[in-house]
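Remarks on the overall topology
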Amino acid sequence: MKIKLADLAIRYGCTLKGDPDATVDSVSSLRDSSPGAICFLANAGYQHYLKDSKATAIILEEKYAGDAPGNCLITHNPHAVYALIAQELHPAPLAQPGIHASVVVGNDCEIANSCEISAGVILGNRVNVSEGVFLGPNCVIGDGVSIGPYTRLYSNVSCYSDVSIGERCIIHSSAVLGSDGFGIAQDESGWVKVPQIGGVRIGDDVEIGAGTTIDRGAIEDTCLGNDVKIDNQVQIAHNVTIGDHTAIAGQSGIAGSSKIGSRCLLGGQTAIVGHLTIADDVVLMGRSTISHSIKTPGVYSSILPAEEAASWRRILARIKQLDSLAKRIIKLEKQSGPQD
């Protein structure tokens, strides 16, 4: 597929500098570009690659346009425009209708004719698979699961019973949806398992990374809103609620019954204690540990950045002295009388 730059400029609201009849048919990185490709610049650290770019066109901000050697699409958000053009030039594959002979189908299932169901898939009872759905090899779909139109589940995804997945979702390999939450109660004889009788509800346009686990609710459902993006190897515990357009980076963990607002960004290895509320429009820097609710939008962090080892040892020694220093200050204040 070849697309004229003039058409892309109109479609995505860009200002075109250069030949409107030039065409592109692929995307590339700025550093490793070739004729026919379109690339983007969104980070000043890569600006030095501009002058040697061989790409047919570069998507960038106005302030960099003077350094570009050829055609440009000028926009305030190059990364987003690049993503839209990349989707157009490299569209996601469509389901190829058909059910492999090895598929096991339970009772009372509804499967649209336009679905592609790969080898080794197992469908429980009362499963609803909507039009255009792709189920990769060896997916296991439990009783009462519904999968919305044009959603893709890659290989080895496991959906326990009573999971609802919206439209146009992407669930990557080995994700587990609807496993039991960590519900246990203690009595004199040891641990007593608390039945997890809720489900999982996933909105539209959600992407869930490989190896991520989303637990079912203990009583009420675990819920993900629309356009939520979850990276690989994330743990979402029972009864968690995540608002629309929130993104969570890899190895993060959210404990039970916490509520994450809309448009939040959670950096990698973020840990959120249970039963907390995070407001809308909160950014949590990578490796943050959140032990109390956050009621005000903003950027939050709780981890010191790396330091040279000798410097870090000095900082740690001083941290260990803080308690004794605080006691000395309190004692001195009492001895000196009231302070103005």
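Just above sits the structure.
Summarised in this report is the structure supplied together with it. All of these numbers come straight from a predicted model, not from anything done at the bench.

Our focus in this paragraph is the pairing of strand E21 (residues 176-179). Summarising the sheet, strand E18 (residues 158-159) and E21 pair through two bridges and their orientation is parallel. Residue pairing in the sheet places Cys159 in a bridge with Leu177 of E21. Note: E21 against strand E26 (residues 213-215), three bridges, orientation parallel. Bridging from a neighbouring strand, Leu177 pairs with Ile214 of E26.

Right, let's talk about the sheet that holds strand E37 (residues 282-284) for a bit. Taken in spatial order, the eleven strands line up as E8-E11-E14-E17-E20-E25-E28-E31-E34-E37-E39 in an open sheet, and their pairing is parallel. Either end of the sheet is taken by a strand with one partner, and the two such strands are strand E8 (98-99) and strand E39 (298-300). Pairing of E8 with strand E11 (residues 116-117) involves two bridges; the strand directions are parallel. Bridge pairing in E11 links Ile99 to Ile117.

For the rest of this paragraph, the subject is the sheet that holds E18. Ordered in space as E9-E12-E15-E18-E21-E26-E29-E32-E35-E38, the ten strands form an open sheet in which the pairing is parallel. Of all the strands in the sheet, just strand E9 (104-105) and strand E38 (289-290) have a single pairing partner and so form its edges. Across two bridges, the pairing between E9 and strand E12 (residues 122-123) is parallel. Bridged to Val104 within E12 is Ile122.

Before going further, it helps to examine the layout of surface pockets. The calculated volume of the largest pocket comes to roughly 450 Å³. Every residue lining the largest pocket is counted, 17 residues in all, and those nearest its centre are Ala92, Tyr150, Arg152, Arg168 and Ile170. Roughly 160 Å³ of volume is contained in the second largest pocket. Around the second largest pocket sit Ser29, Leu30, Arg31, Phe40, Leu41, Ala42, Asn43, Tyr46 and Tyr49, which together line it. Split by residue class, the lining of the second largest pocket holds six nonpolar, two polar and one charged.

The next subject is the environment of Val145. Topologically, Val145 is positioned in the loop between strand E15 (140-141) and strand E16 (146-147). On the basis of relative accessibility, which here comes to 0%, the residue Val145 falls in the buried class. Distance in space between the C-alpha atoms of Val145 and Asn125 is 8.5 Å, their sequence separation being 20 residues.

Moving on, we get to the pattern of salt bridges. In the structure shown here, the tally under the stated rule is twelve salt bridges. A salt bridge links Arg168 to Asp205; the shortest N-O distance between them is 2.8 Å. Residue Arg168 is found in the loop between strand E19 (163-165) and strand E20 (170-171), and its partner Asp205 is found in the loop between strand E24 (200-202) and strand E25 (207-208); the two are separated by 37 residues along the sequence. Between Asp180 and Lys193 there is a salt bridge, and its shortest N-O distance comes to 2.9 Å.

Let us now look at the state of the cysteines. In the structure shown here, the tally under the stated rule is zero disulfides. Its sulfur unpaired, Cys115 is 11 Å from the next cysteine sulfur, which belongs to Cys109. We note that Cys169 lacks a disulfide partner, and the nearest cysteine sulfur, in Cys159, lies 11 Å from it. For Cys169, a relative accessible area of 0% corresponds to the buried category.

Together, Leu304, Trp312, Leu316, Ile319, Leu322 and Leu325 line one region of the surface with nonpolar side chains, adding up to about 520 Å² of accessible area. When you line up the elements, Leu325 lands in helix H3 (residues 309-336). By relative accessible area, Leu325 is classed as partly exposed at 37%.

Conventions adopted
Residues numbered from 1 in each chain as written. Predicted model: local features only at pLDDT ≥ 70, side-chain atom pairs only at ≥ 80, totals over all residues. Heavy atoms only, no water. Pairing = 2+ DSSP bridges. Helix = DSSP H or I, 4+ residues; strand = E, 2+ residues; numbered from the N terminus. 1 Å grid on protein atoms, 1.4 Å probe; cavity = no way out; pocket = protein on both sides within 12 Å on 5 of 7 lines; lining within 4 Å. Points joined across faces, edges and corners; volume = space filled by probe spheres on them. Nonpolar A, V, L, I, M, F, W, Y, C, P; charged D, E, K, R; others polar. Buried < 20%, exposed > 50% of the residue type's maximum accessible area, 1.4 Å probe, protein only. Salt bridge = Lys/Arg side-chain N within 4 Å of Asp/Glu carboxyl O. Disulfide = S-S within 2.5 Å. Patch = residues over 30% accessible without salt bridge, like charges linked within 9 Å, V, L, I, M, F, W, Y side chains within 5 Å. Areas by Shrake-Rupley, 256 points an atom, 1.4 Å probe, with all protein chains shown as cover.

Any link to function would need more than the numbers given here.
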